[in-house]
Amino acid sequence: MPAYKLTYLNARGGAELIRLLFAADEIPYEDVRVDRDKWLELKPKTPMGQVPILEVDGHVICQSMTVVRFIAREAGLLGKTLLDQARADMLLEGGIDVGKLFEEMVMEKDASKKVEKKKEFGEKTLPPFLALYEGFAGDNGYFVGDSLTYFDIAFFNMMDFITAEFPSALDGYCNLTKVIRNVKSVPGIAKWLKERPVTDH
Amino acid sequence: MPSYKLYYFHGRGRAEPARLMLAAAGLPYEDIRLEYEQWPEYKPKMPMGQAPVLEVDGTMICQSVAIARFVAKESGRAGKTNIEQAWADMMADGFVDMLNKMADYVWYEEDEARKAEKKKTFFDTTLPEFLGYFEKLLVANNGGGGFFVGDGLTHAEAFFLCLSDDIIAEKPNVLSPYPKLAALVERIKTYPGIKEWLAKRPQTPF
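Residues numbered from 1 in each chain as written. Chains lettered and ligands numbered in written order. Predicted model: local features only at pLDDT ≥ 70, side-chain atom pairs only at ≥ 80, totals over all residues. Heavy atoms only, no water.

Trainee: Could you clarify how one ought to interpret the overall build of chain A in this entry?
Mentor: Assigned secondary structure in chain A consists of 8 helices and 4 strands. Against the 2.2 N^0.38 benchmark of 17 Å for 201 residues, chain A shows a C-alpha radius of gyration of 17 Å, consistent with a compact globule. Expressed along its principal axes, the backbone C-alpha trace of chain A runs to roughly 45 × 45 × 30 Å. Residue pairs in contact within chain A that sit at least 24 positions apart in sequence constitute 70% of those at least 6 positions apart. Summing over all exposed atoms, chain A offers an accessible surface of approximately 9,600 Å²; the carbon and sulfur share of this is 54%. Chain A carries 26 positive and 31 negative side-chain charges, and their two centres are separated by 2 Å. (Helix = DSSP H or I, 4+ residues; strand = E, 2+ residues; numbered from the N terminus. Rg over C-alpha atoms; globule rule 2.2 N^0.38 Å. Contact = heavy atoms within 4.5 Å. Areas by Shrake-Rupley, 256 points an atom, 1.4 Å probe, with all protein chains shown as cover. Lys, Arg positive; Asp, Glu negative; His and termini not counted. Charge placed at Lys NZ, Arg CZ, Asp CG, Glu CD.)

Structure below.
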């Protein structure tokens, strides 16, 4: 079994999906969380000056979605055929823009701009995205074929962040609600959700 | 042999990495270039109302990186092991970050003064730091005289060529501080299949 070491800040952020995937397949790993000073020291030693990074058997991989895909493959959660894998990829990429807008809103320091951005996100950005993805999710509660893939977990992670600001976002979306339920009932994930450090983001 | 149809507009843009991988693989495909007036008719048929879309025997895949990766995997050019695939992915993602930063000021910034400022920041600070990391990554692969990952072309090269086309158009000597990257551009341009595509592809402004 290769030794995995994940390095990120003390936050869920861009590393949490990776941690959820490790948890889903109960793959042991070192969950390293560095503070800002340690990060600045580490930065030039990373492949692209960014975290998260994954060290495995002496190799270093960066770019969070790449690490996600790498662990998904190890965990058997990538998708069964190339077309299944492409579907999962496409759904993941399709959510990135919405994720960025959400992040911008959360990170907005000016209070009145934040209220504006939150209204815009909640009324204009989120509803069409959820309506589109309700159509992509099957009524079995899986986005790709008939079994769990990393995209179900990615969608759960994204909604975990979003429902903190918009608690009733998934009301009325039957398929999406089933996806969330399927993900939360994976034993390794249920355990991680109970035990993980509680952080602001 | 599946049938491939690639839908996009009259341009390289977000479809070109897929076109380069299709060319490298020698896979025949219908290179559909829509006029903007046709788009409202096609948009509702696309999975996320966007292009490019690759249609494979009737199944539609959207998202430019997902498409390029799919073609790379279909043709055995995505990296040979799980780690190599991750490296190819990570580099492709890094190039896409840079392409998105350029798109940000080229397409999405309307204020002329802010546009000029963003472009300056990109070329003076963001890009050089990034290219520095990439020169190192290339050299780390056996001295940098080959490709980014393993011993063959992957989708990392396709995204790199698209980025270098755009940055060289703005600043012709932008790669001179990065000799290995500059030499790789030439190697990609003469890669079988890609060389022929580059000679015959429509010349478009973007």
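Trainee: Please clarify how the sheet that holds strand E4 (residues 59-62) of chain B should be interpreted in this entry.
Mentor: Paired through their backbone hydrogen bonds, the strands of a sheet run either parallel or antiparallel. Residue and element names in this part refer to chain B. Strand order across the open sheet formed by 4 strands is E2-E1-E3-E4, with mixed pairing between neighbours. Edge positions in the sheet fall to strand E2 (30-34) and E4, since each has one partner strand and no second. Here the average twist between neighbouring strands, direction ignored, is 20°. Here strand E1 (residues 4-9) pairs with strand E3 (residues 53-56) via 4 bridges, running antiparallel. The residue of E3 that forms the bridge with tyrosine 7 is valine 53. Its contacts with the sheet place helix H3 (residues 64-74) against E1, E3 and E4, and it is angled at close to 120° to E4. (Pairing = 2+ DSSP bridges. Axes fitted to C-alpha atoms, helices over the stretch in contact; angles between N-to-C directions.)

Trainee: What exactly am I supposed to notice about the packing of aromatic side chains here?
Mentor: Two measures describe an aromatic ring pair: the distance that separates the ring centres and the angle between the ring planes. A full pass over the atoms with the stated rule returns 26 aromatic pairs over all chains. Arranged with centres 6.1 Å apart and planes meeting at 65°, the rings of tyrosine 133 of chain A and phenylalanine 143 of chain A form a pair that is edge-to-face. Of this pair, tyrosine 133 of chain A sits in helix H5 (residues 111-136) while phenylalanine 143 of chain A sits in the loop between H5 and helix H6 (150-165), placing them 10 residues apart in sequence. Classification of phenylalanine 143 of chain A as buried rests on a relative accessible area of 2%. Ring geometry for phenylalanine 95 of chain B against phenylalanine 160 of chain B: centres 5.2 Å apart, planes inclined by 35°, an arrangement best described as tilted. Residue phenylalanine 95 of chain B is found in helix H4 (residues 82-108), and its partner phenylalanine 160 of chain B is found in helix H6 (residues 155-170); the two are separated by 65 residues along the sequence. Under the relative-accessibility criterion, phenylalanine 95 of chain B is labelled buried at 0%. Relative accessible area serves as the criterion here: at 0%, phenylalanine 160 of chain B is assigned to the buried category. Geometry around phenylalanine 166 of chain A places lysine 118 of chain A over its ring, the cationic atom sitting 5.4 Å from the centre. Here the guanidinium or amino end of lysine 45 of chain B rests over the ring plane of tyrosine 42 of chain B, the centre of that ring lying 5.2 Å away. (Phe/Tyr/Trp six-rings, centres within 6.5 Å; stacked < 30°, edge-to-face > 60°. Buried < 20%, exposed > 50% of the residue type's maximum accessible area, 1.4 Å probe, protein only. Lys NZ or Arg CZ within 6 Å of the ring centre and 35° of its normal.)

Trainee: Looking at this model, I keep getting lost on H6 of chain B. Mind explaining?
Mentor: Residue pairs spaced three or four apart in an α-helix point in one direction, given the helix's 3.6 residues per turn. Residue and element names in this part refer to chain B. When the terminal C-alpha atoms of H6 are compared, their 23 Å separation across 16 residues agrees well with the 22 Å that a helix rising 1.5 Å per residue should span. Within the sequence span of H6, burial applies to His155, Ala156, Glu157, Ala158, Phe159, Phe160, Leu161, Cys162, Leu163, Ser164 and Ile167. For H6, the elements touching its buried residues are helix H1 (16-25), H3, H4, helix H5 (112-140), helix H7 (179-189) and helix H8 (194-200). (Expected span 1.5 Å × (residues − 1).)

Trainee: Could you clarify how one ought to interpret the nonpolar core in this entry?
Mentor: Nonpolar side chains in soluble globular proteins generally cluster together in the buried interior. In terms of nonpolar packing, the biggest core is built from 149 residues, with Leu54, Leu130, Phe143, Ile153 and Phe155 of chain A together with Phe148 and Ile167 of chain B touching the most fellow members. Apart from the residues lying within four places of it in its own chain, the contact partners of leucine 54 of chain A are Tyr4, Lys5, Leu6, Phe22, His59, Val60, Ile61, Val67, Phe70 and Ile71 of chain A. (Core = buried A, V, L, I, M, F, W, Y, C linked by side-chain atoms within 4.5 Å.)

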